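Residue-level structural notes
Read off the chains here:
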Number of protein chains: 2
Amino acid sequence: MPDRITVIENILSKNDQIASENRALFDQAGVFTLNIMASPGAGKTSLIEITIKKLTKSLQIAVVDGDIATSIDADRVAAVGATAIQINTGGECHLDAAMLNNELPKLNLSDLNLLIVENVGNLICPASFQLGTHKSILIASIPEGDDKPYKYPGMYSGVDALVINKIDLLPYVPFDMDYFIRGVEILNPGLVTFPLSCMTLDGIEDWLNWLLKLIKYE
Amino acid sequence: MPDRITVIENILSKNDQIASENRALFDQAGVFTLNIMASPGAGKTSLIEITIKKLTKSLQIAVVDGDIATSIDADRVAAVGATAIQINTGGECHLDAAMLNNELPKLNLSDLNLLIVENVGNLICPASFQLGTHKSILIASIPEGDDKPYKYPGMYSGVDALVINKIDLLPYVPFDMDYFIRGVEILNPGLVTFPLSCMTLDGIEDWLNWLLKLIKYE
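For the structure given in this document, a descriptive report is provided here. (Residues numbered from 1 in each chain as written. Chains lettered and ligands numbered in written order. Predicted model: local features only at pLDDT ≥ 70, side-chain atom pairs only at ≥ 80, totals over all residues. Heavy atoms only, no water.)

Quick word on the interface of chain A and chain B
In plain terms, the rule: Residues are treated as being in contact if the distance between any of their heavy atoms lies within 4.5 Å. What gets called buried area is simply the loss in accessible area from a 1.4 Å probe that two parts show on being joined, summed for both. Any carboxyl oxygen of Asp or Glu that lies within 4 Å of a side-chain nitrogen of Lys or Arg is treated as forming a salt bridge with it. Within 3.5 Å is the distance limit for a polar contact, defined as a pair of N or O atoms, with the added protein rule that one can donate a hydrogen and the other accept it, and that residues adjacent in sequence qualify only through two side-chain atoms. Working definition: helices are DSSP H or I runs of at least four residues, strands are E runs of at least two. Numbering for both runs from the N terminus.
Opposite the 41 residues of chain A that make contact, chain B presents 41 residues. When chain A packs against chain B, the two sides together hide about 3,300 Å² of surface, and 66% of this comes from carbon and sulfur. Per-residue buried area on chain A facing chain B is highest for Arg-4, Pro-40 and Lys-151 of chain A; these three make up 19% of the total on that side. Joining chain A to chain B, the criterion identifies two salt bridges. The shortest N-O distance in the salt bridge between Asp-73 of chain A and Lys-151 of chain B comes to 2.7 Å. Counting across the chain A and chain B interface gives six residue pairs in polar contact (both at pLDDT 80 or more). Every element with two or more residues in the side of chain A that touches chain B is listed here: α1 (4-29), α3 (72-79) and α5 (148-151) of chain A.

Structure, rendered in structure tokens:
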């Protein structure tokens, strides 16, 4: 019987292969794709809602929402006008490339400009499973505390951009931004960051402009 | 080659066996034990710090801290006067019974009144792995949002008490307490809850009184 490490390595290798197939489908269709990750309640769905509201006039957007249970997130996303597909993972703590691949036939990819995948709320497991998306985005949240880069290095080191959400709560919680950013820089030097608030919309324009540039040029 | 489900079942069955061994060691030594779980940044270490500060005069307390990386949590706990052991899980998203079992020889269990295990910050994976502790505590956090019971049913249904931390942030974030509690009640009817703030210390006495009663009578 193979040991646990071998089983995990086989799973990850198979996952990478399907992720490559996903990427090929995205590139063929000319759709730009994001994998948004964060711990529970950091604001993934809120950021996606705002992004859709602001860009839906000029872009065709779809969202694939991953959750253990419920269609709360897909319902929220659909309510602001995007095509939304909910994946319920059962007990699984992350999306994998095959789960995403299974949903792609439901979307007309070549009609889309942007496909956003909202991963399961978890700062650990999603980091190990490539989905084939073009960019990985991590959302940190001010009330989570400033030590998270140090404690979840796998997640912080593997992403292409970092949204720092809930900056409106900075006056009410202890959060040393310099300490936080030092941790980020150790793991992922030069990582682009977007401090913002999905409540007040402060900082949202910088995020949208960055995203629009990527959609245009990738 | 066994399939993934079989491998996972084997792992969980082996884990339950070691959890029973842990429980036997705790009972033999007469030490009451807690497994504290939550998503990243909900306030596990803060609640443990306060619990130690308030009870350390009358009780001998030790803490085993689980994290992917760093000894930040164990250092915080040691700073307030408890014996603290840090487990770094590497990539693992939860503690398991064997990891805890490995650390027990470092503690003089029969000298202790209370052993607190702080699990890895994650609302999914720790729910599947019994550690052998007497009670499982979940900490929810107001800024995480009121939909978490619905989205993480495995975690909410499997615990013996629920701490609702950061109630001082209620004026600044959208959080419908009735909706939240309805979700908790569906999954875990009659679950004892402790709304509190580790910042202002509001509500802390109820938590401490509940804990003291358990330590006395279990």
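Notes on the environment of Lys-166 of chain B
Condition: Three exposure classes are used, based on accessible area relative to the maximum for each residue type with a 1.4 Å probe and protein chains only: buried under 20%, partly exposed in between, and exposed over 50%.
Its place among the elements puts Lys-166 of chain B in the loop between β6 (161-165) and α7 (177-187). Among the residues examined, Lys-166 of chain B registers a relative accessible area of 14% and is labelled buried. Along the backbone, Lys-166 of chain B and Ala-140 of chain B are 26 residues apart, and their C-alpha atoms lie at a distance of 8.7 Å. With residues near it in sequence (within four places) discarded, Lys-166 of chain B still touches Pro-143 of chain A together with Gly-41, Ala-42, Ser-141, Ile-142, Pro-143, Leu-196 and Ser-197 of chain B. Among the polar contacts listed, one links the side chain of Lys-166 of chain B to the backbone oxygen of Pro-143 of chain A, at a separation of 2.5 Å.

Topic: the packing of helix α2 (residues 44-55) of chain B against helix α8 (residues 204-217) of chain B
Residues and elements named next belong to chain B. In plain terms, the rule: Orientation is described by axes fitted as lines to C-alpha atoms, over the contacting stretch for helices, and by angles from 0 to 180 degrees between their N-to-C directions. Working rule for angles: under 35 degrees goes down as roughly parallel, over 145 as roughly antiparallel, 65 to 115 as roughly perpendicular, anything else as oblique. For a crossing to be left-handed, the near helix must be turned anticlockwise from the far one by less than a right angle; the clockwise case is right-handed. Gly is put with the polar residues, along with every residue not named as nonpolar or charged; the nonpolar set is Ala, Val, Leu, Ile, Met, Phe, Trp, Tyr, Cys and Pro, and the charged set is Asp, Glu, Lys and Arg.
At a minimum axis distance of 11 Å, the contact between α2 and α8 shows a crossing angle of 70°. Overall, the two elements α2 and α8 adopt an arrangement that is roughly perpendicular. The crossing of α2 and α8 is right-handed. Contact with α2, carried on its side by Leu-47, Ile-50, Thr-51, Lys-54 and Leu-55, involves Ile-204, Glu-205, Trp-207, Leu-208, Leu-211 and Leu-212 of α8 and no other residues of that element. Residue classes in the contact of α2 with α8 are distributed as eight nonpolar, one polar and two charged.

Focus on the sheet that holds strand β3 (residues 83-88) of chain B
Residue and element names in this part refer to chain B. Let me state the cut-off plainly: Being paired, for any two strands, means DSSP has found at least two bridges between them.
Strands sit in the order β3-β2-β4-β1-β5-β6-β7 across an open sheet of seven strands; the sheet is parallel. Taken across any chain shown, the strands that pair with only one partner, and hence form the sheet edges, are β3 and β7 (192-195). Adjacent strand axes in the sheet meet at a mean angle of 20°, parallel and antiparallel pairs treated alike. Sheet analysis places strand β1 (residues 32-38) next to strand β4 (residues 114-118), joined by five bridges and oriented parallel. Across the sheet, Leu-34 pairs through a bridge with Ile-116, a residue of β4. Sitting on the sheet, α2 touches β1, β2 (61-67), β4, β5 (135-141) and β6, and the angle it makes with β2 is about 170°. Taken strand by strand, α8 contacts β1, β4, β5, β6 and β7, and its axis lies near 140° from that of β1.

Topic: α2 of chain B
Residue and element names in this part refer to chain B. Counted only if it meets this: An expected span of 1.5 Å times one less than the residue number is assigned to each helix.
Taking 1.5 Å per residue, twelve residues should reach 16 Å; α2 reaches 16 Å between its end C-alpha atoms and fits that length. Most of α2 sits inside the fold, with nine of its twelve residues counted as buried. Among the residues making up α2, those that are buried are Lys-44, Thr-45, Leu-47, Ile-48, Glu-49, Ile-50, Thr-51, Ile-52 and Leu-55.

Examining the pattern of salt bridges
Summed over all chains, the structure comprises ten salt bridges over all chains. Between Lys-151 of chain B and Asp-147 of chain B there is a salt bridge, and its shortest N-O distance comes to 3.6 Å. Across the pair, exposure class does not vary: Lys-151 of chain B and Asp-147 of chain B are buried alike. Taken together, the shared-partner salt bridges in this structure form one network comprising Asp-73 of chain A together with Asp-147, Lys-148 and Lys-151 of chain B.

Structural notes on the packing of aromatic side chains
Basically, it comes down to this: When two rings of Phe, Tyr or Trp (its six-membered ring) have centres within 6.5 Å they constitute a pair, described as stacked for plane angles under 30 degrees, edge-to-face for angles over 60, and tilted for the intermediate range.
Tallying each qualifying case throughout the model produces 13 aromatic pairs over all chains. On the numbers, 6.1 Å between centres and 80° between planes, the contact of Tyr-156 of chain A with Phe-180 of chain A is edge-to-face. Residue Tyr-156 of chain A is found in helix α6 (residues 153-157), and its partner Phe-180 of chain A is found in helix α7 (residues 177-187); the two are separated by 24 residues along the sequence. Both residues of the pair, Tyr-156 of chain A and Phe-180 of chain A, count as buried. Ring centres of Phe-175 of chain B and Phe-180 of chain B lie 5.2 Å apart, and the angle between their planes is 50°; on these two criteria the pair is classed as tilted. Among the residues examined, Phe-180 of chain B registers a relative accessible area of 1% and is labelled buried. A network of ring pairs unites the aromatic residues Tyr-156, Phe-175 and Phe-180 of chain A as a single cluster.

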